[in-house]
Amino acid sequence: MRPNTTTVPSSEPRELLNTAQLRSALPLVSVRGLQVSYDPKKPVKVLDGVDLDLFRGEVVSLLGASGSGKSTLMKSLTGFAPVSAGTVRVAGHDVLNLRRGELRQLRSEVGQVFQQFNLIPRLSVLSNVLTGALHEAGAINLVGGFSSAHRRYAMELLDRVGIAHKARDQARSLSGGQQQRVAIARALMQRPRLILADEPVASLDPKLADSVLQLLRDIAVQDGIPVLVSLHVVPMALAHSDRIVGLRQGKMLVSGASDQLTAESLSGIYEQGDDDGN
Ligand SMILES: Nc1ncnc2c1ncn2[C@@H]1O[C@H](COP(=O)(O)OP(=O)(O)OP(=O)(O)O)[C@@H](O)[C@H]1O
Ligand SMILES: [Mg+2]
């Protein structure tokens, strides 16, 4: 006999998720039906019907040939891409409907890591990391310097990424791998809720690349921060990410767990389509 759901007593034990469980169960990033068009007059869209979820603690790799839309997808998460359709939710923000101040707030919550590191070459390593806290330090601290708490935290982060001994050196004197570690420490200084890493290892040799990707993985797991990373090397994506999203000419061709995918099953991403114009 089916239970009469209308007469369940209120004292009946119910399985409710507590707030922490609920937060970790919901994706921090949720993109649905994303379309991006830089030139509305052109029929071909740069992104067309892309869906993406990012959960806390995971690394997701974006793969795709040059021009497939990887950077554009990342930009759309912080309101930097001309989205023509779809929804983009990041850390509770409805990204496509934010006012300017809210957009600034969102961007301060997203740590970014770039291929060329984007450090200030003449500044010390420590100062470069401290720039990650500019959004919370405000104008007064810019004049008066950062607080000792900020400095302590920046040093802790440099220790964590393995280059505390370089804190006083000029950023330009560091190797590429070390500079990328500074950039990651700077991103962490923001106390980010999400990290976007656009080809973070493209300028590094394979060994350094592996160590930087391992560092990003550790951050995702230990801090519960989702990391979206774009890569050009399939074995690296398979080795260092929980899930892989493959784009071809702006369309999502693959989306799956790394341990369910192989280099062969991902090769279609790099095949030229019929409408390839380049
Ligand atoms: N600001 C822009 N104005 C016009 N077109 C753009 C702009 N940015 C990107 N595009 C176009 O959008 C498409 C996707 O570019 P995107 O930079 O997202 O590709 P990608 O996958 O990151 O490539 P790569 O691997 O070379 O970095 C390309 O055809 C590119 O020319
Ligand atoms: Mg790119």
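Cut-offs used in this document
- Residues numbered from 1 in each chain as written.
- Chains lettered and ligands numbered in written order.
- Predicted model: local features only at pLDDT ≥ 70, side-chain atom pairs only at ≥ 80, totals over all residues.
- Helix = DSSP H or I, 4+ residues; strand = E, 2+ residues; numbered from the N terminus.
- Buried ≥ 20, exposed ≤ 12 C-beta atoms within 10 Å, placed from the backbone.
- Axes fitted to C-alpha atoms, helices over the stretch in contact; angles between N-to-C directions.
- Parallel < 35°, antiparallel > 145°, perpendicular 65-115°, else oblique.
- Left-handed = near helix turned anticlockwise from the far one by under 90°.
- Contact = placed C-beta atoms within 7 Å.
- Nonpolar A, V, L, I, M, F, W, Y, C, P; charged D, E, K, R; others polar.
- Pairing = 2+ DSSP bridges.
- Expected span 1.5 Å × (residues − 1).
- Core = buried A, V, L, I, M, F, W, Y, C linked by C-beta atoms within 7 Å.

As annotated in an unreviewed UniProt entry, the protein chain carries the name Phosphonate ABC transporter ATP-binding protein and comes from Glutamicibacter halophytocola.

Engineer: Sorry if this is basic, but what is going on with the overall build of the protein chain here?
Structural biologist: On a plain count of helices and strands, the protein chain comes out with ten helices and ten strands. Of all 278 residues assigned to the protein chain, the portion counted as buried reaches 38%.

Engineer: Looking at this model, I keep getting lost on the packing of helix H6 (residues 148-160) against helix H7 (residues 176-189). Mind explaining?
Structural biologist: Between two packed helices, both the angle of their axes relative to each other and the distance between the axes serve to describe the pair. At a minimum axis separation of 9 Å, H6 and H7 run at an interaxial angle of 135°. Put simply, H6 runs oblique to H7. Relative to H7, the crossing made by H6 is right-handed. Contacts between H6 and H7 involve Tyr-153, Ala-154, Leu-157 and Leu-158 from the former and Ala-185, Leu-188 and Met-189 from the latter. Its residues placed into classes, the contact of H6 with H7 shows seven nonpolar, no polar and no charged.

Engineer: Can you walk me through the environment of Val-254 in this structure?
Structural biologist: One can find Val-254 in strand S10 (residues 251-257). C-alpha separation for the pair Val-254 and Leu-62, spaced 192 residues apart in sequence, amounts to 9.8 Å. Once residues lying within four places of it in the same chain are set aside, the contact partners of Val-254 are Ile-244, Val-245, Gly-246, Leu-266 and Ile-269.

Engineer: I'm lost on the sheet that holds strand S3 (residues 59-63) in this one. Help?
Structural biologist: Strands in a sheet are paired, the pairing made by backbone hydrogen bonds, and the direction either parallel or antiparallel. If you trace the six strands from one edge of the open sheet to the other, you get S6-S7-S8-S3-S9-S10, paired in mixed fashion. Every interior strand has two partners, whereas the edge strands, strand S6 (110-114) and S10, have only one. On average, adjacent strands in this sheet sit at an angle of 15° to one another, irrespective of strand direction. Relative to strand S8 (residues 227-230), S3 runs parallel, the two being bridged by four bridges. When the sheet's bridge partners are listed, Ser-61 is paired in S8 with Val-229. Where H7 meets the sheet, it contacts S6 and strand S7 (194-198), and its direction lies at approximately 170° from that of S6. Strand contacts of helix H8 (residues 206-223): S3, S7 and S8, with the helix running at about 160° to S8, the strand carrying the most contacts.

Engineer: Any chance you could explain H6 here in plain terms?
Structural biologist: Each α-helix winds once per 3.6 residues, and so residues spaced three or four apart point in a common direction. With 13 residues, H6 should reach 18 Å at 1.5 Å per residue; the first-to-last C-alpha distance of 18 Å fits that figure. In this structure, the buried residues of H6 make contact with helix H4 (125-130) and H7. Downstream of H6 by a residue or two, Gly-162 has a phi angle that is positive, lying close to 85°.

Engineer: How do you make sense of the nonpolar core when you look at a structure like this?
Structural biologist: Among soluble globular proteins, nonpolar side chains are generally buried collectively. Core analysis: the biggest nonpolar cluster contains 72 residues, and Val-129, Ile-195, Leu-216 and Val-227 have the highest contact counts within it. Excluding its chain neighbours within four sequence positions, the residues that come into contact with Ile-195 are Gly-111, Val-113, Ala-187, Leu-216, Ile-219, Ile-225 and Val-227.

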